[in-house]
Amino acid sequence: MREGEVDAFDHAIERAIDGLRGHVDGIMVALTRGGDVLPMSIFTVVAFAVLFAAGRPREGRYLVLGAGGALLLNMLLKAIFHRPRPGEDLVFLLPSLSSSSFPSGHTMGTTAVVASLLVVLSVIRTPRAMRWAATLFGGALIVGVGLSRIYLGAHHPSDVLGGLLAAAAWVSAVTGWVYPRVLPGESTVLRAESSSDGAKTDG
């Protein structure tokens, strides 16, 4: 970024998205508001409460760690890179923004919450159809929030891509620590342990 090596990538995508302005303004504003810290935090707290009430405190703590840790990591990365926001001429339907641009906090937060929730759904063994539906909806939400940040001129495309990758790396690290057997190739071991736990409970 400091050498300008991503400028061509950013400008090409920005020009393409700028051409859509005026056609989907309401949708983009709604998506970017949905990716704000407050709604993402409320969703995480509610999900934690539901999991805790359902006797799944470990999954609740994992969700909070995945989402909350990504927020702290985003703040750290912004302080390290300190990248300026896009020029004022690109900002559209938003107030002036003062925080650093890289990585996109909206994209990073949404990705972390969605990815952590998908891991939880896998751990608690929800029906496959529900997991597929959550994956499709969550993936669409992540893409939509990321596009909205570029559309509204709040971020460069590389900010959005960086936020997505940083969140994915964080959630993967947390999952490897808390639920290593949820990672690819370990599902059979997870099933065996679940069966063993059930046998102990019956005994």
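Report on the accompanying structure.

Secondary structure summary: the protein contains eight helices and zero strands in total. Of all 203 residues assigned to the protein, the portion counted as buried reaches 37%. Accessible surface, the protein: about 11,300 Å² in total, of which carbon and sulfur atoms supply 68%.

The next point concerns the layout of surface pockets. In this structure, the largest pocket encloses a volume near 530 Å³. Taken together, 30 residues form the lining of the largest pocket, with Gly35, Asp36, Val37, Leu71 and Gly105 sitting closest to its centre. For the lining of the largest pocket, the secondary structure elements donating two or more residues are α2 (25-34), α3 (37-53), α4 (57-81) and α5 (105-123). Counting residues per element, the lining of the largest pocket draws most heavily on α4, which supplies eight residues.

This part takes up unusual backbone geometry. The omega angle of the peptide bond from Phe102 to Pro103 is -5°, so this bond is cis rather than trans. Tracing the backbone through its elements, the reader meets Pro103 in the loop between α4 and α5. Unlike most non-glycine residues, His82 shows phi in positive territory, near 50°. Relative to the assigned elements, His82 resides in the loop between α4 and α5.

According to the stated counting rule, one finds three aromatic pairs in the structure shown. When the centroid spacing of 5.2 Å and the interplanar angle of 65° are considered together, the rings of Tyr62 and Tyr179 count as edge-to-face. Of this pair, Tyr62 sits in helix α4 while Tyr179 sits in the loop between α7 (157-178) and α8 (187-202); the two residues are 117 residues apart in sequence, bridging distant segments of the chain. Side by side, Tyr62 and Tyr179 carry an identical accessibility label, which is buried. Where Phe81 meets Phe102, the ring centres are 4.8 Å apart and the plane angle is 65°; that geometry is what we call edge-to-face. Here Phe81 is found in helix α4, whereas its partner Phe102 is found in the loop between α4 and α5, with 21 residues between them in sequence. Residue Phe102 is classed as buried on the basis of its relative accessible area of 13%.

A cluster of nonpolar side chains, Phe9, Leu161, Leu164 and Leu165, forms an exposed patch at the surface whose accessible area comes to about 350 Å². Note on placement: Leu164 falls in helix α7.

On to the environment of Gly69. For Gly69, the position within the fold is in helix α4. The exposure class assigned to Gly69 is buried, which follows from its relative accessible area of 13%. Measuring from C-alpha to C-alpha, the distance between Gly69 and Gly109 comes to 9.5 Å, with 40 residues separating the pair along the chain. The residues touching Gly69, leaving out its near neighbours within four places in the chain, are Val64 and Trp170.

All right, on to the nonpolar core then. By size, the foremost hydrophobic cluster in this structure holds 17 residues, and its most contacted members are Tyr62, Met108, Ala112, Val119, Val178 and Tyr179. Elements with a minimum of two residues in this core: α3, α4, α5 and α7. Contact partners of Tyr62, with chain neighbours within four places excluded, come to Ser116, Val119, Val120, Val171, Val174, Thr175, Val178 and Tyr179.

The next subject is α4. Taking 1.5 Å per residue, 25 residues should reach 36 Å; α4 reaches 36 Å between its end C-alpha atoms and fits that length. Restricting attention to buried positions, one finds in α4 the residues Glu59, Gly60, Tyr62, Leu63, Gly66, Ala67, Gly69, Ala70, Asn74, Leu77 and Lys78. The inward-facing, buried residues of α4 abut α3, α5 and α7. Downstream of α4 by a residue or two, His82 has a phi angle that is positive, lying close to 50°.

Criteria and thresholds
Residues numbered from 1 in each chain as written. Predicted model: local features only at pLDDT ≥ 70, side-chain atom pairs only at ≥ 80, totals over all residues. Heavy atoms only, no water. Helix = DSSP H or I, 4+ residues; strand = E, 2+ residues; numbered from the N terminus. Buried < 20%, exposed > 50% of the residue type's maximum accessible area, 1.4 Å probe, protein only. Areas by Shrake-Rupley, 256 points an atom, 1.4 Å probe, with all protein chains shown as cover. 1 Å grid on protein atoms, 1.4 Å probe; cavity = no way out; pocket = protein on both sides within 12 Å on 5 of 7 lines; lining within 4 Å. Points joined across faces, edges and corners; volume = space filled by probe spheres on them. Phe/Tyr/Trp six-rings, centres within 6.5 Å; stacked < 30°, edge-to-face > 60°. Patch = residues over 30% accessible without salt bridge, like charges linked within 9 Å, V, L, I, M, F, W, Y side chains within 5 Å. Salt bridge = Lys/Arg side-chain N within 4 Å of Asp/Glu carboxyl O. Contact = heavy atoms within 4.5 Å. Core = buried A, V, L, I, M, F, W, Y, C linked by side-chain atoms within 4.5 Å. Expected span 1.5 Å × (residues − 1).

Take it as geometry only, folks, not as evidence of what the structure does.
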